[in-house]
Amino acid sequence: MVFRGHGCSKNLGISGWCGGDKRKISEKVVLRVNSKVREHNNIHNTGKEEEGEEKKVIGRKMESVLKPLRDGESVLDLSPRSTVSGGVEDVYGEDRATEDQLVTPWTISVASGWSLLRDPQYNKGLAFSEKERDAHYLRGLLPPTVLTQLLQEKKLMHNIRQYKVPLQKYVAMMELQERNERLFYKLLVDNVEELLPVVYTPTVGEACQKYGSIFRRPQGLYISLKEKGKVLEVLKNWPERTIQVIVVTDGERILGLGDLGCQGMGIPVGKLALYTALGGVRPSACLPVTIDVGTNNETLLKDEFYIGLRQKRATGQEYYDLLDEFMTAVKQNYGEKVLVQFEDFANHNAFELLAKYGTTHLVFNDDIQGTASVVLAGVVAALKLIGGTLPEHKFLFLGAGEAGTGIAELIALEMSKQTKAPIEESRKKIWLVDSKGLIVSSRKNSLQHFKKPWAHEHEPVNSLLEAVKVIKPTVLIGSSGVGKTFTKEVVEAMTSNNDKPLILALSNPTSQSECTAEEAYQWSEGRAIFASGSPFDPVEYKGKVYASGQANNAYIFPGFGLGLVISGAIRVHDDMLLAASEALAKQVSEENYRNGLIYPPFSNIRKISANIAANVAAKAYELGLATRLPRPQDLVKYAESCMYTPVYRNYR
C-alpha cells in the first residue's frame, strides 16, 4: 500500500521541490546547479576575495590525509569518475502535508481495515477515531475504546519499564516499530535519554550478537554475493522510491564485538531510527542495507540460527566489485543527493571506501568522521573547564584504527585552522598508541597508510602507562575497543601531570569501555573531566555527585545528515565536520559546565540537531556544494520546519 498525499504544503520539506516536476537528477544537472551556487555565493562575497582564497586553501588542506589515496583529487573538484545518471522522481509523500491536513492512506483503491491495521506506516491501533473506523472498514476489528496517542505512549512505556533485561526492551521496541511506526518514534522522541541505550549502544551490540535468534521480519535490504550482477534490481525491490539516507554495513567490525556478518543489520536499523527520532529525517526516506560477503566468525558459521551466507568472508577484487556495483546502483536508482553512510567496516576497507567514493558520491563514515566530530566538540567544550586553547594541549590516543586516526586528524585540522600552521605541525601535538606501543618514526615502514602521519620522532615506548609518563598528555582518548585499559596507574599518572585531566573512554559497548566513570573519578580524586562512549550513571565521590557526559555519535550524525539533505549537498567536505563540531560545542550551557559536563543533555537533541544541520548546510552553501536554491534565510528555522514529527495524522 503506497500513499500519495493530496495538495502541496507550503513547507518545502526535505524530500524535494514542490510541483509536479518528474525530471531525474543527472550529473550534468547537478554540475550546472553547482555552478549557479558558486555564482550565487560570489555575488555575496564581493570585497572578500582574499578571505575566500584563504578559506579555499585551508579547505583543500583539510582533506590532506585522504588526498594521496584519491590521487590528489578534492571533493570540491566534483570528479566525473564513476558518475551515472538517474535518481528519484519528486513525488509527494504523507510527510509533506501539514499535521492538521487530512490525508488519505491509499493510492489506487481503498485499503481494507484489515490491511490498514497491519501497515506500520499508517496503523494507529486504538487511536483510530469513530469517524475513521467507519470510513476505513475498521468496525469490529478493534475494541470499542478510542485512546489518544499520549495514553498509548504512557501504557507502552509502563510495559517496557517492566522488563529487567535490556534485550527484552530492545525486542519490544522493534516489535512496536514493525506494528506502529509513528508510536515507536513518539516514544523515542519523548523518552530519548531512557530509550537511546535500548535501541542503540550498548544494547544494540547484544542484539546483533543474537540477531539470528530474535529475527522476526526483515527491516532492510540484504545484498549478498548471490545478488552480484543484480544489485540494481534488488534496490528496486524496496517499496520506497524517495530515499535520502542509506546506512550500509558489511558487519565485519560491529562496535567492539568483531565480525558479526549478516547479523550486523541491527546497526543500520538502529542508526536510521535515530536519524528519524533525533534528526527528523522521515522514516520512509531511510534505507538500512547489509552487504553480506560471508563471515570469519566460526561461532556464527556453526550456529543453526545464523541468517547470513555460510562461507568465509570474501576479500580483494570480489569484495570491491560487489561494493562498486552497489555504489553505482545507488546513484543510478536514487540520484546524486542520496547520502550513503558507511558503518562498522573494518579498518582496511573503511579508509579505502571513503577515499574512493568521497569525490564521486555523497558519502560519510560515522566511525571515522562522526566519531571525530563529536569528540572534537567535547574537547572544544572542555577547554572552558581545563583552560588553554586547543593548540596548547597535547593528546595521547590508545587505539590507532579508523576511530582513533579519524579523531586525531580532525583535531589536527581544527588546530591548523586556528593557528594557520601546516597540518603536519599540528599533528606533532598528537600521539597514538596501538597494540605494539607508541607509534614512532622507526616503525614507519611497517605501519598501515592511515597510521603513518602519526609516526613522530621518539624512542620506542611499549606500554600506555609509559607513554603517559614520557609524553605527559593533557588529554587521554581511548578508541581501542579493549576494555579496562585505562588502569588505576594510567589515570593516576594523568592526574599527576594535570590539575584537571581530560579522559575520554570512547569504546563501545559498555563492557569494552577503557574505564568506568566511577574508576575515573575515584582514581583521579574527583579531578578528571570524563566522558565515555557508553552511558554511565552519576557517581558520588566524597559527598559530591559527578555526572559524566556521553561522547555519543548520535549527537552528530542525525543533524549532520539533515544538514546535507536540506541543502541538497552532493559531497561531504571536512569543513562540514568542523562546522558540526562547532555547533555542538556551542550547545553546552553554563549549567552543564557547572555540573562538569562537556556535552548537552540528550533531552534537547532535536534542537541540537537543528543547529548542527543549519551549520552544516551553511558550510555546504559556502563551499558551493549545495543544490537547494534559493538558500533559506534562517537555516535553523528551516531545519526545524523540515523535521518529521511522529504525531498521528487524521485520515479522511
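Below is a summary of the structure that appears in this document. (Residues numbered from 1 in each chain as written. Predicted model: local features only at pLDDT ≥ 70, side-chain atom pairs only at ≥ 80, totals over all residues. Heavy atoms only, no water.)

1. Some details on the sheet that holds strand S4 (residues 339–342)
Thinking step 1. In space, the five strands of this open sheet follow the order S1-S3-S2-S4-S5, with parallel pairing throughout. Looking at which strands have only one partner, the edges of the open sheet turn out to be strand S1 (221–224) and strand S5 (363–365). Between one strand and the next, the sheet's axes are offset by a mean angle of 25°, whatever the strand orientation.
Thinking step 2. Here S1 pairs with strand S3 (residues 286–292) via four bridges, running parallel. Residue pairing across strands places Tyr222 opposite Thr290, the latter belonging to S3.
Thinking step 3. Of the strands in this sheet, S4 and S5 are in contact with helix H15 (residues 347–357), which crosses S5 at around 160°. (Pairing = 2+ DSSP bridges. Helix = DSSP H or I, 4+ residues; strand = E, 2+ residues; numbered from the N terminus. Axes fitted to C-alpha atoms, helices over the stretch in contact; angles between N-to-C directions. Contact = heavy atoms within 4.5 Å.)

2. Topic: the packing of aromatic side chains
Between two aromatic rings, the relevant description is the distance of the centres plus the angle of the planes.
Thinking step 1. Following the criterion strictly, the structure yields 15 aromatic pairs and no others.
Thinking step 2. With a centroid separation of 6.2 Å and an interplanar angle of 50°, the aromatic rings of Phe128 and Tyr651 are classed as tilted. Highlighted residues: Phe128 in the loop between helix H3 (113–117) and helix H4 (130–135) and Tyr651 in the segment after helix H26 (635–642), separated in sequence by 523 residues.
Thinking step 3. Ring geometry for Phe351 versus Phe450: centroids 4.5 Å apart, planes at 15°, classification stacked. Linking Phe351 in helix H15 with Phe450 in the loop between strand S8 (437–438) and helix H19 (464–471), this pair joins segments that are 99 residues apart in sequence. Per residue, the accessibility class of Phe351 equals that of Phe450, and both read buried.
Thinking step 4. An aromatic cluster of three or more residues is present, and its members are Tyr521, Phe530, Phe536 and Tyr546.
Thinking step 5. A cation over a ring is seen here: Arg118 above Trp114, with NZ or CZ 3.5 Å from the ring centre.
Thinking step 6. The ring of Trp454 carries the charged tip of Arg427 above its face, separated from the ring centre by 5.7 Å. (Phe/Tyr/Trp six-rings, centres within 6.5 Å; stacked < 30°, edge-to-face > 60°. Buried < 20%, exposed > 50% of the residue type's maximum accessible area, 1.4 Å probe, protein only. Lys NZ or Arg CZ within 6 Å of the ring centre and 35° of its normal.)

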